[in-house]
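A look at the structure
The primary structure of each chain is shown beneath.
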Amino acid sequence: RSIYKLTHAIQPGLYIKVYHPHTAFQKLRNRLHPHTLHESRMLNQLAQAGFSVPDIVAHVQSGSQSALITKAVDPCTPLIALPRNEQAPVMLEIARRLLKQRFTHQDLHAGNVLLNRDCTPVLVDAYEVTRHARLTRGDVIRTFAMVVSNYDVSDEDLKGHLSEKERHDADLIPAIRQ
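What you are looking at is a predicted structure, and each value in this text was computed from that prediction instead of being measured. Per-chain numbering applies: the sequence of each chain, read as written, is numbered from 1 onward. For this predicted model, a pLDDT threshold of at least 70 governs which residues receive local features, and a threshold of 80 or more governs which side-chain atom pairs are given and counted, while totals over whole chains, interfaces and linings are taken from all residues. Remark: hydrogens and water are excluded; side-chain values derive from all non-hydrogen atoms of the structure.

1. Some points on the pairing of strand β3 (residues 56-62)
On any regular strand, side chains alternate: one points to one face of the sheet, the next to the other face. Heads up, the rule is: For two strands to count as paired, DSSP must find a minimum of two bridges between them. Only DSSP runs of H or I covering at least 4 residues are called helices, and only runs of E covering at least 2 are called strands; the numbering of each starts at the N terminus.
The sheet contact formed by β3 and strand β4 (residues 65-71) spans six bridges and is antiparallel. Looking at the pairing, Ser62 lines up with Gln65 of β4. Counting the residues in the hairpin turn of β3 and β4 gives two residues, including Gly63, whose phi is positive at 60 degrees.

2. Considering the nonpolar core
We apply this condition: What we call a nonpolar core is a set of buried Ala, Val, Leu, Ile, Met, Phe, Trp, Tyr and Cys residues that are connected through their side-chain atoms within 4.5 Å. Exposed residues in this analysis have more than 50% of their type's maximum accessible area, buried residues have under 20%, and partly exposed residues fall in between, with area computed by a 1.4 Å probe over protein chains only. What makes two residues a contact is simply this: any of their non-hydrogen atoms within 4.5 Å.
Ranked by internal contacts, the top residues of the largest apolar core, which has 41 residues, are Leu46, Met91, Leu108, Leu123, Phe144 and Ile176. Of all the elements, helix α3 (residues 84-100) adds the most residues to this core, at eight residues. If we ignore the near neighbours within four places in the chain, the residues touching Leu123 are Leu43, Leu46, Phe51, Ser52, Val53, Pro54, Ile94, Leu98, Leu108, Asn112 and Val113.

3. Section: the pattern of salt bridges
What counts is decided by this rule: What counts as a salt bridge is simple: a side-chain nitrogen of Lys or Arg found within 4 Å of a carboxyl oxygen of Asp or Glu.
Following the criterion strictly, the structure yields six salt bridges and no others. The salt bridge involving Arg177 is made with Asp155; its shortest N-O contact spans 2.8 Å. With Arg177 in helix α7 (residues 172-177) and Asp155 in helix α5 (residues 155-159), this pair connects stretches of sequence that are 22 residues apart. Its salt-bridge partner being Arg167, residue Glu164 comes within 3.0 Å of it at the nearest N-O pair. Residue Glu164 and its partner Arg167 are both found in helix α6 (residues 164-167); the two are separated by three residues, about one turn of the helix. Here Arg167 falls in the partly exposed class, since its relative accessible area comes to 34%.

4. A closer look at the layout of surface pockets
The cut-off we apply is this: The distinction between a cavity and a pocket rests on a 1 Å grid over the protein atoms alone: a 1.4 Å probe fits inside a cavity but cannot get out, while a pocket stays open yet meets protein on both sides within 12 Å along at least five of seven lines, and a residue with an atom within 4 Å of a point counts as lining. Grid points are joined across faces, edges and corners, and a volume is the space filled by probe spheres set on the points. Polar here means any residue outside two lists: the nonpolar Ala, Val, Leu, Ile, Met, Phe, Trp, Tyr, Cys and Pro, and the charged Asp, Glu, Lys and Arg; Gly therefore counts as polar.
Reported here for the largest pocket is a volume of approximately 410 Å³. As for the largest pocket, its lining consists of 18 residues, of which Thr136, Val140, Ser163, Lys165 and Glu166 are closest to the centre. For the lining of the largest pocket, the secondary structure elements donating two or more residues are α3, α4 (137-148) and α6. Grouping the amino acids of the lining of the largest pocket by side-chain chemistry returns six nonpolar, four polar and eight charged. Taken as a whole, the second largest pocket encloses approximately 350 Å³ of empty space. Lining the second largest pocket are 21 residues, with Ile3, Tyr15, Lys17, Leu114 and Val124 positioned closest to its centre. Going through the elements one at a time, β1 (2-8), β2 (11-19), α2 (35-48) and β4 are the ones with two or more residues in the lining of the second largest pocket. Partitioning the lining of the second largest pocket into residue classes produces 11 nonpolar, three polar and seven charged.

These results come straight from atomic positions and should not be treated as a statement about function.
In structure tokens, the structure reads:
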């Protein structure tokens, strides 16, 4: 996948994510179910669920390649540019909100989050996002494990982001930390 930034008068205007598959299987799969169309749909679902995401301009497909065009979030600060101790609470809150709305994100990291001018987190990469009819305990473990494996998060901070039911599961925090 390649990402291109289009600027207008030195201001970022649009971002274009191009998925160009390599193998014959990937090419066929992307013709039938374009990766960037999935990401476009997930961005729409996240927006409908109250998450801040980039505005979608278009989705295009040509042969086995596909592209997603979004408006740039401007001005913004990449979350990854903040000190790690400031990143952790933002990532925990994103994980909590995703799970509360029955989403999982298999690539949840600070590089996929921008802070807009109001310091609201904006999820800019939704390719690995899935919405579920019902979440499993494993979904909760995997989602929070992505966050706690990258940051020094206390049990109390983690507990504060769990649902009431999850807080009473004595084996959940040790499972997340494994």
